[in-house]
Amino acid sequence: MKNLVEELKWRGLYHDSMPGTEEQLLKEVTSAYIGFDPTADSLHIGSMVQIILLVHLKNFGHQPVALVGGATGMIGDPSGKSDERNLLNEETLAKNVAGIKSVLSRFLDFNSKEPNGPIMVNNYDWMKEFSFIDFAREVGKRITVNYMMAKDSVKKRINGEGEGMSFTEFTYQLIQGYDFYHLYKNNNCLLQMGGSDQWGNITTGTELVRRMGGENAKAFALTTPLITKADGSKFGKSEGGNVWLDADKTSVYKFYQFWVNATDADAEKYIKIFTFLDKETIDALIAEHQAAPHLRVLQKKLAEEITIFVHSKEELEKAIQASNILFGNSTAEDLKKLDEKTFLEVFDGVPQAEIAKTDLENGLDIISVLNEKTGFFKSNGEARRALTANSISVNREKIKEDFVLSTNDLINNQFVLVQSGRRNYYVIRVV
């Protein structure tokens, strides 16, 4: 077997593991799982590290198991939280579980017939018939309260962070621990992986396997570091909030822009973590970038690779095309290929004005458009001077003073893009 732990270490994807984990992964094909709690009906880029970890696992010949927490999602993981989460109702939870399954299925082929083909499970399937009394007898008696209280996620909450911890949340680590035992018993799953904030929950699982699985039972743990930006701030959010892995929540254009806009230090770190490029290729890219940082080679390659991985090559090309509208030599035809959502996102924050469609049916002279109808220019004289200086474009094409704007100029039957000089954009929305 190839050395997965060694690969994770140079990529910055390794934080800690239990003794014997690396040896187990080198010895034989190993089944390993990661849990995804359904707190929303999709996943955002904060989950990308764990998705990529499962893909690496598969690429190195092991069997990935993705667990969607239909049961644990009913409780809420207290790890890293100062207050208890609001409990979700069953309808919302079912919607979220379905959404997360759909996202994960884009990265792992759960229909694969390979011996190490990925598996997807939902812990609600084995917890729904488990009575409280049976759980307390079979699982609760195996782990002492002292052991559970020693976990950081519990200590921080009990020692005054937030409003304390309810019994519901206190049981979370036992339920997650039982998940590991169930997968160990039924799927020969020997390893649980997750973020470093999950260490307490994961090791409770390894302890349950050891105590419930018999004298030869063995289980392992491996965690990844929590990803932060170079300035120490939290990774995974943009100015508009979470960056989601679904295009209907975060457009491919905005997704692409998130990575393109990474700082040099972050891009050098992220290209190892979020792509599958080999070390030789990445080292060459870093050297090329350091020789000419202004070309942003690292950022562009990072954005390309992860946009293809999450969306597709076709969607990447559309995102690049949309980016070129602002920063490249795009044409009127390029503009007309943008859908409404992407068009508005590309020109987010650009001054906008509305014109009635009836006004355009007979044509409007451009001076009237620039001043009276939109207020983009303060006077007819100012508009005329800009036109004489050849600095006005409509839909990327230079125009003269005699230009007449009509419905033939509409993008998506509703927009006109006006540009003054190199950097001043205006959007006319026709209603």
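All values reported here derive from a predicted model rather than from experimental measurement. (Residues numbered from 1 in each chain as written. Predicted model: local features only at pLDDT ≥ 70, side-chain atom pairs only at ≥ 80, totals over all residues. Heavy atoms only, no water.)

Student: Can you break down the UniProt feature "short sequence motif: 'HIGH' region" (unreviewed entry) in the chain residue by residue, with the values?
Tutor: The UniProt entry lists residues 38-47 under the feature "short sequence motif: 'HIGH' region" (unreviewed entry), expressed in the numbering used here. Taken as a whole, residues 38-47 contains 0% helix and 0% strand, while its terminal C-alpha atoms sit 12 Å from one another. (UniProt positions renumbered as here; feature names shortened; annotations may be inferred. Helix = DSSP H or I, 4+ residues; strand = E, 2+ residues; numbered from the N terminus.)

Student: Lay out helix 20 (residues 366-373) with the relevant residues and their values.
Tutor: Most of helix 20 sits inside the fold, with six of its eight residues counted as buried. Within the span of helix 20, buried status applies to I366, I367, S368, V369, L370 and N371. Positive phi appears at G375, one or two residues downstream of helix 20, with a value of about 75°. (Buried < 20%, exposed > 50% of the residue type's maximum accessible area, 1.4 Å probe, protein only.)

Student: Tell me about the domain arrangement of the chain, residues and numbers included.
Tutor: Segmenting the chain into domains produces domain 1 (4-224), domain 2 (237-327) and domain 3 (332-430). Between domain 2 and domain 3, the C-alpha centre-to-centre distance is 31 Å. If you look at the interface, domain 2 gives 11 residues, while domain 3 gives 11 residues. Note on domain 2 versus domain 3: buried area summed over both sides is about 960 Å², and carbon and sulfur give 59% of it. Sorting the residues of domain 2 by area buried against domain 3 places Q321, I325 and L326 first, and these three jointly supply 58% of that buried surface. Applying the counting rule to domain 2 against domain 3 returns zero salt bridges. One can count three residue pairs in polar contact (both at pLDDT 80 or more) joining domain 2 with domain 3. Counting residues per element, the ones that place at least two in the side of domain 2 that touches domain 3 are helix 12 (252-260) and helix 16 (313-327). In terms of residue count, the dominant contributor to the side of domain 2 that touches domain 3 is helix 16 (five residues). Residue composition of the side of domain 2 that touches domain 3, grouped by class: five nonpolar, three polar and three charged. (Domains from an automatic or database assignment. Contact = heavy atoms within 4.5 Å. Buried area = accessible area lost by both parts, 1.4 Å probe. Salt bridge = Lys/Arg side-chain N within 4 Å of Asp/Glu carboxyl O. Polar contact = N/O pair within 3.5 Å; in protein donor to acceptor, adjacent residues only side chain to side chain. Nonpolar A, V, L, I, M, F, W, Y, C, P; charged D, E, K, R; others polar.)

Student: Go over the packing of helix 3 (residues 48-59) against helix 15 (residues 297-310), please, and point to the residues and values.
Tutor: Running from N to C, helix 3 and helix 15 point in directions that differ by 75°, and their axes come no closer than 13 Å. Classified by the angle between their axes, helix 3 and helix 15 sit roughly perpendicular to one another. In contact with M48, I51, I52 and V55 of helix 3, helix 15 contributes I306, F309 and V310. The class makeup of the residues in the contact of helix 3 with helix 15 is seven nonpolar, no polar and no charged. (Axes fitted to C-alpha atoms, helices over the stretch in contact; angles between N-to-C directions. Parallel < 35°, antiparallel > 145°, perpendicular 65-115°, else oblique.)

Student: Hey, could you go over helix 13 (residues 264-273) for me, with residue numbers and the actual values?
Tutor: Taken residue by residue, helix 13 has D266, A267, Y270, I271 and I273 as its buried positions. Across the axial projection of helix 13, the buried residues extend over an arc of 160°, all falling on one side. (Arc of directions from axis to C-beta.)

Student: Please provide a residue-by-residue account of the packing of helix 13 against helix 14 (residues 279-291), values included.
Tutor: Working note: a packed helix pair is described by the angle between its axes plus the distance between those axes. Relative orientation of the contacting elements helix 13 and helix 14 amounts to 170°, with a least axis distance of 10 Å. Classed by the angle they form, the pair helix 13 and helix 14 counts as roughly antiparallel. Side by side, helix 13 and helix 14 meet where D264, E268, I271 and K272 of the first sit next to I282, L285, I286, H289 and Q290 of the second. Counted by class, the contact of helix 13 with helix 14 contains four nonpolar, two polar and three charged residues.

Student: Explain a nonpolar patch on the surface to me, and be specific about the residues and the numbers.
Tutor: A cluster of nonpolar side chains, contributed by M1, L26 and V29, occupies part of the molecular surface with about 260 Å² of accessible area. Among the secondary structure elements, V29 is positioned in the loop between helix 2 (21-27) and strand 2 (31-36). What makes V29 exposed here is its relative accessible area of 51%. (Patch = residues over 30% accessible without salt bridge, like charges linked within 9 Å, V, L, I, M, F, W, Y side chains within 5 Å. Areas by Shrake-Rupley, 256 points an atom, 1.4 Å probe, with all protein chains shown as cover.)

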